[in-house]
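# Topology and contacts: notes
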Amino acid sequence: MASEEKAAAKAAKKEAKAERKANNRRVKEEEDHRNKPGKGVVSLVIAALVYIAFPLIVINVLVPMSFIQDHLETDALVDLMWKWLYVGIPLVILAFPKGYYAKGSNGRLLAWVAFTGVSIFWLFYILNFGDLTGLLGIKDGDTTLKVDIVVTGALYLSVAFKLLKLLIVACDHHDHREGYLRDNGLSKEEDKLGIVGGRYS
């Protein structure tokens, strides 16, 4: 009798533990299916640091240093940094919706598609398809030795990584779509239309 009670208590404890795990998973899923302004702001700030702050630091802080000016020819590097900044501005703008929209929302998927497309263009543009001939010049008296840099392999590896990340986001969108609709009170019929309540879902 005691052994039966012990087994029943053990089973009840195991069931309660499983129920707590299920509840925690459900709460996390509901949280994943809500838009997150804070995450959007963090994503935007990180993008601003990468695409705006970094090139400005190189142009206005590093390049003017006397050691750099005395030993390196940096005109091509400065031009590259300005390209980095100008073409990076759309990426900063797209970074907010990429982080803001909830998993399973069409807005998040579209933001990722746009961000990936622009970032691939950004890579090819600033890296000149991997050929950075004459990016730096080493000063030696009255002569300047040009330094040629080829990063074709790294360029295509970066593009492959970005496309893989987009594929992961697309799979994540598929996995969360039904839960997103459920948690936001949307029907599958409304999902087919794509537009719900005046907003893209």
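As shown above, the structure is provided for reference.
Below is a short write-up of the structure. Numbers given for residues are sequential positions, taken from 1 along each chain in its written order. Since the coordinates come from a predicted model, pLDDT governs what is reported: local features require at least 70, and pairs of side-chain atoms require 80 or more to be given and counted, while whole-chain, interface and lining totals use all residues. Based on all heavy atoms of the structure, the side-chain values leave hydrogens and waters out of the count.

Moving on, we come to the side chain of Arg 108. For the purposes of this entry, the term helix denotes a DSSP run of H or I that reaches at least four residues, the term strand denotes a run of E that reaches at least two, and both are numbered from the N terminus. Within the element layout of this structure, Arg 108 appears in helix H5 (residues 106-126). For each residue, the accessible area found with a 1.4 Å probe, counting protein chains only, is set against the maximum for its type, and the residue is called buried under 20%, exposed over 50%, and partly exposed in between. By relative accessible area, Arg 108 is classed as buried at 11%.

A few words on the packing of helix H2 (residues 37-62) against helix H4 (residues 75-100). Orientation is described by lines fitted to C-alpha atoms, with helices fitted over the stretch in contact, and by angles between N-to-C directions that extend from 0 to 180 degrees. Following both chains from N to C, one finds H2 and H4 inclined at 175 degrees, their axes separated by 7 Å at the closest point. On the basis of their axis angle, the class for H2 and H4 is roughly antiparallel. Tallied by class, residues from the contact of H2 with H4 come to 24 nonpolar, 4 polar and 2 charged. For classification purposes, angles smaller than 35 degrees are called roughly parallel, those larger than 145 roughly antiparallel, those between 65 and 115 roughly perpendicular, and all remaining angles oblique. Residue polarity follows a fixed list, in which Ala, Val, Leu, Ile, Met, Phe, Trp, Tyr, Cys and Pro are nonpolar, Asp, Glu, Lys and Arg are charged, and the others, Gly among them, are polar.

Let us now look at a nonpolar patch on the surface. There is a patch of nonpolar side chains on the surface, built from Val 41, Val 42, Leu 44, Val 45, Ile 46, Leu 49 and Val 50 and spanning about 560 Å² of accessible area. As for its position among the elements, Val 41 is in helix H2. Classification of Val 41 as partly exposed rests on a relative accessible area of 45%. Patch membership is restricted to residues that have no salt bridge and whose relative accessible area is over 30%. Joining uses 9 Å for like charges and 5 Å for the nonpolar side chains Val, Leu, Ile, Met, Phe, Trp and Tyr. Accessible areas in this description were obtained via Shrake-Rupley with a 1.4 Å probe; residue shielding takes into account the shown protein chains only. The rule for a salt bridge is simple: a side-chain nitrogen of Lys or Arg has to be within 4 Å of a carboxyl oxygen of Asp or Glu.

Note that Trp 84 resides in helix H4. Each C-alpha atom of the pair Trp 84 and Ile 52 lies 7.9 Å from the other, and the pair is 32 residues apart in sequence. Ignoring anything within four residues of it in the chain, the contact list for Trp 84 reads Val 50, Tyr 51, Phe 54, Pro 55, Trp 122 and Ile 126. In this analysis, two residues are considered to be in contact whenever any of their non-hydrogen atoms come within 4.5 Å of each other.

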